[in-house]
Amino acid sequence: MRYVSTRGAAPDLSFEDAMLTGLARDGGLYVPAEIPTLGQGDIAAMAGLSYEEIAFRVMRPFIGDTFTDAEFADLIDKAYAGFGHAARAPLKQLQPNHYLLELFHGPTLAFKDFAMQLIGQLFQAALSRRGDRVTIVGATSGDTGSAAMEAFRGLDNVDVFILFPHGRVSEVQRRQMTTVTEANTHALALTGDFDDCQARLKDMFNHFEFRDRVKLAGVNSINWARVLAQVVYYFSAAVSLGAPLRPVSFCVPTGNFGDIFAGYIAKKMGLPIAQLIIATNQNDILHRAMVSSAYTTEGVTPSISPSMDIQVSSNFERALFDAYGRDGNAVAQLMDELKSGGGFKISQGAMQALRESFASGRASEAETSAMIKRAVPEMGELLCPHSAVGVHVAQDFQSAVPLVTLATAHPAKFPDAVEAAAGTRPPLPARMADLFDRPERVQRVENDLTAIEAVIEEGVFA
Ligand SMILES: *Cc1c(COP(=O)(O)O)cnc(C)c1O
């Protein structure tokens, strides 16, 4: 299995190298050269299997000879052993024919744990076999950072640095990063917003001298292995609801397009998905692009669903690559226009392809709060604000096809917003009840590449 860059000018890589590299050297994102498919019989045979067994069957065709079957099965088992629910991704019914996929039973209470816990295992296995080490730098809107630090803390061959926007993550999110005690983890509070964090991370990857010196690796959702890990729960949910015989739709609260792109891959693999619905908050560049064909950045307005406060949606590049017939030059040109002019127009042909694959909707702040409030008496559910964005958008898409909305975080991760909307303060699960008593460790950094690189080098070579 070979991986190619969405900008067509970086070398093809194996699964292992694509995973350890993150961003391609031409600035593009790695995608499989072709998507393996599973037959109806393969999908039907997943009925009744454990999450781990489904994970093995879904991901195995993508990893080539990076791991043996026994190694890979073992790494999957270890990845999900720390989850607080035996089903890993349980489904709960909200309304007639509308279900919630609970993706918040991992160690940091957001869906990021599904990918990050697995990546931690895969990195450790691959690096110790090579006798190598890497420096992981991640940008986070709140949840990726804590999930990465949790997954990589204490590992010998990895240092982790997480850039988060100072003052723009919830207190629980911040504390989940700043209270990790292992010396190989570093929380960096950047003066700026998430897009600044993501932009400096991209700059670092494009600064080859630094990249090579510290052996930079990325675990943001630009990392293909993360997208792959997220494909699994589309299968587990759909099979629970009758796939492959019955099609299923998914409504996905999204910002960086990672989670919903995983659903697109599941569909291309042969899972009968009727609709894939993009649900955005008021930072709705994706919804506007779907409606108007113009992908235009407008700056971020902070919301109560901060993990989706994003304007430059990295993984959308992967969808564009397919929509433009896998023409890396065309994608590179669009990304140049984005960088120089703040946006681009999507061609008619590409737009048609995107609309065949995705529907979209948005929830304003008022609509999100109203949904959190309504869901308690009507659905018996205390929703996190991100999940509420999804459930709100889902109301417009209900049909005879079962609809699954992804619950991307536990409400206790965003207690202030949930309490303000619903009047109930969600308690932290018992296993992290002492979070507010633990000492914090954090470094402030300016929105300046040289300054950030200096902090990282000091940490790596200390
Ligand atoms: C990361 C995150 C999202 C957005 O995920 P994408 O991969 O950007 O689509 C939504 N909700 C929560 C809680 C998150 O942590």
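The paragraphs below set out a description of the structure included in this document. (Residues numbered from 1 in each chain as written. Predicted model: local features only at pLDDT ≥ 70, side-chain atom pairs only at ≥ 80, totals over all residues. Heavy atoms only, no water.)

## So, the sheet that holds strand 7 (residues 185-190)
The five strands are arranged 8-5-6-7-15 in an open sheet whose pairing can be described as parallel. Pairing within the sheet leaves two strands with one partner each, and these edge strands are strand 8 (216-217) and strand 15 (443-445). Strand direction decides the pairing type here: strand 6 (residues 158-165) and strand 7, joined by six bridges, are parallel. Looking across to strand 7, one finds that phenylalanine 164 is bridged to alanine 189. The strands touched by helix 6 (residues 143-152) within the sheet are strand 5 (134-139), strand 6 and strand 7, with strand 6 carrying the most contacts at an inclination of about 165 degrees. Across the sheet, helix 19 (residues 449-461) touches strand 5, strand 6, strand 7 and strand 15, and the angle it forms with strand 6 is around 150 degrees. (Pairing = 2+ DSSP bridges. Helix = DSSP H or I, 4+ residues; strand = E, 2+ residues; numbered from the N terminus. Contact = heavy atoms within 4.5 Å. Axes fitted to C-alpha atoms, helices over the stretch in contact; angles between N-to-C directions.)

## Some words on helix 16 (residues 365-379)
Residues spaced three or four apart along an α-helix face the same direction, because each turn holds 3.6 residues. Here helix 16 spans 20 Å end to end across 15 residues, near enough to the 21 Å set by a 1.5 Å rise per residue. Lysine 373 marks where helix 16 bends most, by close to 25 degrees; the proline proline 377 follows one to four residues later. Within the span of helix 16, buried status applies to Thr368, Met371, Ile372, Ala375 and Met379. Looking at the packing, one finds that the buried side of helix 16 touches strand 3 (91-95), helix 17 (385-394) and helix 18 (415-422). Just past helix 16, the residue glycine 380 takes up positive phi, approximately 65 degrees. (Expected span 1.5 Å × (residues − 1). Bend = angle between axes of the 7 residues up to and from the residue. Buried < 20%, exposed > 50% of the residue type's maximum accessible area, 1.4 Å probe, protein only.)

## Quick look at the site of the ligand
Around the ligand there are 15 residues in total, and Lys112, Asp143, Thr254, Asn256 and Thr408 lie nearest to it. Measuring from an oxygen atom of the ligand, one finds a side-chain N or O atom of aspartate 143 at 2.4 Å. Note that an oxygen atom of the ligand is positioned 3.4 Å from one of the backbone N or O atoms of glycine 255. In terms of residue class, the shell around the ligand is made up of five nonpolar, seven polar and three charged. (Near = heavy atom within 4 Å. Polar contact = N/O pair within 3.5 Å; in protein donor to acceptor, adjacent residues only side chain to side chain. Nonpolar A, V, L, I, M, F, W, Y, C, P; charged D, E, K, R; others polar.)

## Examining the pattern of salt bridges
According to the stated counting rule, one finds 31 salt bridges in the structure shown. Glutamate 298 is the partner of arginine 288 in a salt bridge, and the nearest nitrogen-oxygen pair spans 3.5 Å. Highlighted residues: arginine 288 in helix 12 (residues 285-292) and glutamate 298 in the loop between strand 11 (294-296) and helix 13 (316-323), separated in sequence by 10 residues. For arginine 288, a relative accessible area of 19% translates into the label buried. One network of salt bridges, in which partners are shared, links Glu16, Asp17, Arg129 and Arg130. (Salt bridge = Lys/Arg side-chain N within 4 Å of Asp/Glu carboxyl O.)

## Details of the packing of helix 16 against helix 18
At a closest axis distance of 8 Å, the pairing of helix 16 and helix 18 adopts a crossing angle of 70 degrees. As judged from the angle between their axes, helix 16 and helix 18 are roughly perpendicular. When you trace helix 16 past helix 18, the crossing you get is right-handed. On helix 18, the residues that touch Ser369, Ile372, Lys373 and Val376 of helix 16 are Val418, Ala421 and Ala422. Of the residues assigned to the contact of helix 16 with helix 18, the class counts are five nonpolar, one polar and one charged. (Parallel < 35°, antiparallel > 145°, perpendicular 65-115°, else oblique. Left-handed = near helix turned anticlockwise from the far one by under 90°.)

## So, the nonpolar core
Membership of the largest hydrophobic core comes to 117 residues, with the highest contact counts inside it found for Phe123, Phe152, Tyr234, Phe235 and Phe250. Not counting chain neighbours up to four residues away, the residues in contact with phenylalanine 235 comprise Leu38, Ile43, Met46, Ile54, Val58, Ala266, Met269 and Leu271. If you look at the next biggest cluster of nonpolar residues, it comprises 23 residues, including Leu163, Leu190, Val455 and Val460. (Core = buried A, V, L, I, M, F, W, Y, C linked by side-chain atoms within 4.5 Å.)

## Re the packing of helix 16 against helix 17
At a minimum axis separation of 8 Å, helix 16 and helix 17 run at an interaxial angle of 85 degrees. In this view, helix 16 runs roughly perpendicular relative to helix 17, as classed from their interaxial angle. On the side of helix 16, the interface is formed by Glu367, Thr368, Met371, Ile372 and Met379, while helix 17 contributes Pro385, Ala388, Val389, Val391 and His392. Considering only residue class, the contact of helix 16 with helix 17 consists of seven nonpolar, two polar and one charged.

## Observations regarding the side chain of glutamate 102
By the secondary structure assignment, glutamate 102 is in strand 4 (residues 98-102). Of the residues examined, glutamate 102 reaches a relative accessible area of 9% and is grouped as buried. One polar contact links glutamate 102 to histidine 105, side chain to side chain, over a distance of 2.8 Å. Residues contacting glutamate 102, with those up to four places away along its chain left out, are Arg88, Ala89, Pro90, Lys92, Glu381 and Ala407.

## With respect to the packing of aromatic side chains
Under the criterion given, the structure shown has 20 aromatic pairs. Measuring from centroid to centroid gives 4.7 Å for tyrosine 234 and phenylalanine 250, while their planes differ by 65 degrees, and the two rings are edge-to-face. Here tyrosine 234 is found in helix 10 (residues 224-240), whereas its partner phenylalanine 250 is found in strand 9 (residues 248-253), with 16 residues between them in sequence. Here the two residues tyrosine 234 and phenylalanine 250 agree in accessibility, since each one is buried. Here a set of aromatic residues connected by ring pairs shows up, and it is made of Tyr51, Tyr80, Phe83, Phe114, Tyr233, Tyr234 and Phe250. (Phe/Tyr/Trp six-rings, centres within 6.5 Å; stacked < 30°, edge-to-face > 60°.)

## A short note on unusual backbone geometry
Of note, the bond from alanine 243 into proline 244 is cis; its omega dihedral lies within 30 degrees of zero at 10 degrees. Along the chain, the position of proline 244 falls in the loop between helix 10 and strand 9. Phi is positive for phenylalanine 257, close to 70 degrees, though the residue is something other than glycine. With respect to the helices and strands, phenylalanine 257 occurs in the loop between strand 9 and helix 11 (258-268). Despite not being glycine, arginine 326 shows a phi value in the positive range, around 60 degrees.

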